[in-house]
Amino acid sequence: MTLVSSEPIWKASARLADGREIVYYDEAPGLDRALARDTRPLPPRPPGPPGPAGSAEQGIRWDPLAGEWVVIAAARQDRTFLPPADQCPLDPSAPGRPTEIPASSYDVVVFENRFPSLREPLGRCEVVCFTSDHDASFAQLSPWRARTVLEAWVDRTEVLGALPETRQVYCFENRGEEIGVTLHHPHGQIYAFPFVAPRVERMVAQARRYAGGNLFDDLVTAELRAGTRIVARNEHWIAFVPEAARWPYEVRIFPAARVPDLPALGEPARESFGPLYLDVLRRFDALFGRPAPYIAAWHQAPVRDQQAQLQFAAHLQVLSIRRAPGKLKYLAGTESGMGVWSNDIVPEEAANRLREAL
């Protein structure tokens, strides 16, 4: 068992019945959760896709017109889909009901996805369970637990970023059936991409072309100066609605001191992240008096790209597809077909509504 940060968070790993890795992040020492054995009769995992681009059923293919990679993951069609609460595979194991987590309890746990979009040696997909409480949500976590989740993201970014095939580590959460989640238990995912995702690649290119100082620094400075789109802030973080927001309710959360990725965050920023992030999520939920369907996406610099590491600013994007009570934002033909976005809500008004939600 190892300490993963300056805070008392202990890490221990084990293997599931089919050989996948599982990692526990505990808030107290000596819990020995990694000693719990996975008793399920799971078949061994199939070997990873051969060749540099994988196989016909699972791998990556290059779209020469878009200049982007596309992931082919035909083997995921049989993944678990919205099981009853008493059959959730992300709950702790109980007598007579073994799950993906062999331990009888946990704080935060990460394990390799049983139905991954990417498999080694092309990449890796992991599941992050934020709490053992099936009926909770990230917004209901304590600041202490939010810090534990952050340390798990930091650790996995370091571990997955060190894999030779990794070009970018992507930590994210999908929440709500409207978004398309297949499990209700509060959880997120982490992808180790063998390429730089198009959105991050465009931001890196924009930063390199920028004629001023640093694009990200100037963006945050401009938002602070304008003030009209700021939703929440503290000494080390600022949350604002982007001036050109694409989604009805979209917030970007930047650290006050620019860092390229999560491992580069200093102790004060790590300590103060949880309270601000929980505040933002609770505002999303309060906006229409019901849990908000959202995507929370960490944008981090590509690994082993020294120039990008110097220029990029890691930040969290939180977006909801709910635009009004009982109404969702669906992509229009101009958006899906041409990538030209239109927003039904003025960003300044969205920020004001979020500020007044609590």
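To be clear, the structure that these remarks concern was listed above.
Quantities reported herein were computed from a predicted structural model and do not represent experimental measurements. (Residues numbered from 1 in each chain as written. Predicted model: local features only at pLDDT ≥ 70, side-chain atom pairs only at ≥ 80, totals over all residues. Heavy atoms only, no water.)

## Examining the overall build of the protein chain
- Counting secondary structure elements, the protein chain contains seven helices and 16 strands.
- In terms of overall dimensions, the protein chain is globule-like: its C-alpha atoms have a radius of gyration of 20 Å, near the 21 Å expected for 358 residues.
- For the protein chain, the C-alpha atoms occupy an extent of roughly 55 × 45 × 40 Å along the three principal directions.
- Residues classed as buried in the protein chain amount to 53% of the 358 residues present.
- By sequence separation, contacts in the protein chain at least 24 residues apart represent 65% of the contacts at least 6 residues apart.
- Total accessible area on the protein chain is roughly 16400 Å²; 53% of this is exposed by carbon and sulfur atoms.
- Between the averaged position of the 40 positive side-chain charges in the protein chain and that of its 45 negative side-chain charges there is a distance of 3 Å. (Helix = DSSP H or I, 4+ residues; strand = E, 2+ residues; numbered from the N terminus. Rg over C-alpha atoms; globule rule 2.2 N^0.38 Å. Buried < 20%, exposed > 50% of the residue type's maximum accessible area, 1.4 Å probe, protein only. Contact = heavy atoms within 4.5 Å. Areas by Shrake-Rupley, 256 points an atom, 1.4 Å probe, with all protein chains shown as cover. Lys, Arg positive; Asp, Glu negative; His and termini not counted. Charge placed at Lys NZ, Arg CZ, Asp CG, Glu CD.)

## Regarding the environment of Ala 139
- Tracing the chain through its elements places Ala 139 in the loop between β7 (124-129) and α1 (143-161).
- Since its relative accessible area comes to 6%, Ala 139 is described here as buried.
- Placed 143 residues apart in sequence, Ala 139 and Arg 282 show a C-alpha to C-alpha distance of 5.7 Å.
- Setting aside anything within four residues of it in sequence, one finds Ala 139 in contact with Leu 278, Leu 281, Arg 282 and Asp 285.

## Regarding the state of the cysteines
- Tallied over the entire structure, the rule returns zero disulfides.
- Sulfur of Cys 125: no disulfide; nearest cysteine sulfur belongs to Cys 171 and is 12 Å away.
- Judged by relative accessible area, Cys 125 falls into the buried class, the value being 3%. (Disulfide = S-S within 2.5 Å.)

## Some thoughts on the packing of helix α4 (residues 267-287) against helix α7 (residues 347-355)
- The interhelical angle for the contact between α4 and α7, taken along N-to-C directions, is 95°, at an axis separation of 9 Å. Overall, the two elements α4 and α7 adopt an arrangement that is roughly perpendicular. Contacts from Arg 283, Phe 284 and Leu 287 of α4 reach α7 at Arg 353, Leu 354 and Arg 355.
- Looking at side-chain class alone, the contact of α4 with α7 contains three nonpolar, no polar and three charged residues. (Axes fitted to C-alpha atoms, helices over the stretch in contact; angles between N-to-C directions. Parallel < 35°, antiparallel > 145°, perpendicular 65-115°, else oblique. Nonpolar A, V, L, I, M, F, W, Y, C, P; charged D, E, K, R; others polar.)

## Quick look at the nonpolar core
- Judged by nonpolar contacts, the single largest core of 54 residues is most densely connected at Phe 138, Trp 153, Val 251, Ile 253, Tyr 277 and Val 318.
- Looking at this core element by element, the count peaks at nine residues for α4.
- Beyond its immediate chain neighbours, meaning those up to four positions away, Val 318 contacts Tyr 249, Glu 250, Val 251, Ile 253, Tyr 277, Leu 281, Phe 284, Tyr 294, Ile 295 and Ala 296. (Core = buried A, V, L, I, M, F, W, Y, C linked by side-chain atoms within 4.5 Å.)

## Focus on the pattern of salt bridges
- Scanning the model with the defined rule gives 33 salt bridges in all.
- Of the charged contacts, one joins Arg 45 and Glu 112 as a salt bridge, the two residues approaching to 2.9 Å between their closest N and O atoms. With Arg 45 in the loop between β3 (21-26) and β4 (58-63) and Glu 112 in strand β6 (residues 108-112), this residue pair connects regions lying 67 residues apart in the sequence.
- With relative accessibility at 39%, the residue Arg 45 sits in the partly exposed group.
- Accessibility expressed as a relative area gives 5% for Glu 112, which makes it buried.
- The residue Arg 156 makes a salt bridge to Asp 155 at a minimum N-O spacing of 3.7 Å. (Salt bridge = Lys/Arg side-chain N within 4 Å of Asp/Glu carboxyl O.)

## Concerning the pairing of strand β11 (residues 237-240)
- Burial along β11 is two-sided: the face carrying Trp 237 and Ala 239 and the face carrying Ile 238 and Phe 240 are both buried.
- Where strand β10 (residues 230-233) and β11 come together, three bridges link them in antiparallel fashion. If you follow Arg 233 over to β11, its bridge partner there is Ile 238.
- Relative to strand β12 (residues 249-255), β11 is paired through four bridges, and the arrangement is antiparallel. Note that in β12 the partner of Phe 240 across the bridge is Arg 252. (Pairing = 2+ DSSP bridges.)

By themselves, these figures tell us nothing about what the structure is for.
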